[in-house]
Amino acid sequence: MKLQIGVSLWLLSSATGGLSGCGDPLEADGTESVTGAVLLPGIRSDFNHDTVEDLVFHHDGTGNTAILYGDVRTGFEGDLFNSLPSFLDVPDTTGWRGAGVSDFDLDRKPDILWHNGVTGETQVWFMDNINRLGATMLTASNPVPDINRTDISGWRVAGSGDFNNDGVPDILWHNGVTGATDIWHMNVLNRPRRFRRIDAVSLKSSLNFWDGTNMRLVGTNDFNRDGKLDLVWHNVATGKVTVWFMNDTTFIGSGAVSRTLPPGQAEVEATEDCNFDGHPDILWHNLEDGNYYRWIMDGRDGLEVQTRIVLLWAVSVEPSVLTIFDPRWHLLNN
Ligand SMILES: [Ca+2]
Ligand SMILES: [Ca+2]
Ligand SMILES: [Ca+2]
Ligand SMILES: [Ca+2]
């Protein structure tokens, strides 16, 4: 239990001290050259370069961003929780929300995607662990007018990853008003770092689910391990989690996860591989007890829940230690 307590104490102290030195984290300043590299499987979110996936949290109140490092022996190790510098804090009042984690400029260092629901802009922070190397606003390689998507239009980033297997992470969008889902295929120019949209391809309209249906598009990963990214849907009313098997923007089939979440009480926040067996797992936040849980996944098409483990405790499991996991922390992975 020591593991979770260490994490919780850090979160408590950070939540009270993260507002100082808040500068302008959104200025595009990426000029450093990089060399292209093929993105290897399993390093989508490995920030400290130990070949193990890590988790990125953002605090809605202070705007602080922090990384929980995965540990190949123990899972996620609370002592290895590290905060980005405070001048990179992004409070909610700026309109910016963390939207995903991928290596967008192919330097084998994961980066952080942000979307501003007020201005509609999208940008990438090019990272080296907790250090920001640069940042750039997304642009389009053709004059399509909807490169900026505001909250009023209903669009939100649902995740990121390489859908068309060209080596460059793409951006997954879902519109809660119209129910449409589309994928922006991206490319990258390294000198200076630029991240451009090549095209925007919509899934066929028979696959539309608007918010009124209670269906939420909550992430992407390759569950059936065919090398193609799949889409994860959560029905917040029934708790049912469904995976769509995809070939880029083409729907191939679907399957249901073997367990359901507490109806109306849970949010799926990430699909990283927690036990490092190559199968994506499902990380979800219980809004009732405040704990973060992980479902360790395996079995046919990767949809069998093998076990449920607490990732972060909301309350102390040892009476002598004060631990409160602040519910304003949210995962940015996906
Ligand atoms: Ca790592
Ligand atoms: Ca990178
Ligand atoms: Ca791609
Ligand atoms: Ca797949």
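Conventions we followed
- Residues numbered from 1 in each chain as written.
- Chains lettered and ligands numbered in written order.
- Predicted model: local features only at pLDDT ≥ 70, side-chain atom pairs only at ≥ 80, totals over all residues.
- Pairing = 2+ DSSP bridges.
- Helix = DSSP H or I, 4+ residues; strand = E, 2+ residues; numbered from the N terminus.
- Axes fitted to C-alpha atoms, helices over the stretch in contact; angles between N-to-C directions.
- Contact = placed C-beta atoms within 7 Å.
- Core = buried A, V, L, I, M, F, W, Y, C linked by C-beta atoms within 7 Å.
- Buried ≥ 20, exposed ≤ 12 C-beta atoms within 10 Å, placed from the backbone.
- pLDDT = per-residue confidence, 0-100.

**Q** Even after reading the chapter, I still don't get the sheet that holds strand 15 (residues 241-247), so can you show me in this structure?
**A** Hydrogen bonds between backbone groups are what pair the strands of a sheet, and the pairing can be parallel or antiparallel. Read from one edge of the open sheet, four strands run 13-14-15-16, paired in antiparallel fashion. With partners counted over all chains shown, the strands left at the sheet margins are strand 13 (215-221) and strand 16 (250-256), one partner each. When strand polarity is set aside, the average angle formed by the axes of neighbouring strands in this sheet is 25 degrees. As paired elements, strand 14 (residues 230-235) and strand 15 share four bridges and run antiparallel to each other. Directly across from V232, in strand 15, lies its bridge partner V243.

**Q** Explain the environment of L303 here, please?
**A** For L303, the location among the structural elements is in the loop between strand 19 (292-298) and strand 20 (304-312). Sequence separation between L303 and N224 is 79 residues, and the spatial gap between their C-alpha atoms is 8.1 Å. When near neighbours in sequence (up to four residues on either side) are disregarded, L303 contacts F223, V243, G255, A256, V257, S258 and M297.

**Q** Help me understand the sheet that holds strand 6 (residues 122-128) in this model?
**A** Taken in spatial order, the four strands line up as 4-5-6-7 in an open sheet, and their pairing is antiparallel. Since the sheet does not close on itself, it has two edges, and those belong to strand 4 (96-102) and strand 7 (131-137), each with one partner. Going across the sheet, the axis of each strand differs from the next one's by a mean of 25 degrees, ignoring polarity. Relative to strand 7, strand 6 is paired through six bridges, and the arrangement is antiparallel. Along strand 7, the bridge assignment pairs M127 with R132.

**Q** Got a minute to help me understand the nonpolar core in this structure?
**A** The nonpolar side chains of a soluble globular protein tend to be buried, and buried together. Counting 66 residues, the largest nonpolar core has V56 and I112 as the members making the most contacts within it. If near-sequence neighbours (up to four positions away) are discounted, V56 is found in contact with S45, T65, I67, V101, I112, L331, L332 and N333.

**Q** Explain the confidence of the model for the chain here, please?
**A** Close inspection of predicted coordinates is inappropriate in any region flagged by low pLDDT. Of the residues in the chain, 79% have a pLDDT of 70 or more, and the chain-wide mean is 82. Contacts from residues 1-41, a stretch scored under 50 in pLDDT, to residues over four places away or in other chains number 94 contacts.

**Q** I'm lost on the environment of E267 in this one. Help?
**A** Relative to the assigned elements, E267 resides in strand 17 (residues 266-270). Its 16 C-beta neighbours within 10 Å are what place E267 among the partly exposed residues. Taking the C-alpha atoms as reference, E267 lies 9.2 Å from G239; in sequence the two are 28 residues apart. With sequence-adjacent residues up to four places away left out, E267 is seen in contact with W284, H285 and L287.

**Q** Would you mind showing me how to read the environment of D226 here?
**A** Relative to the helices and strands, D226 is located in the loop between strand 13 and strand 14. A sequence separation of 75 residues divides D226 from D301, and the C-alpha atoms of the two residues are 9.3 Å apart.

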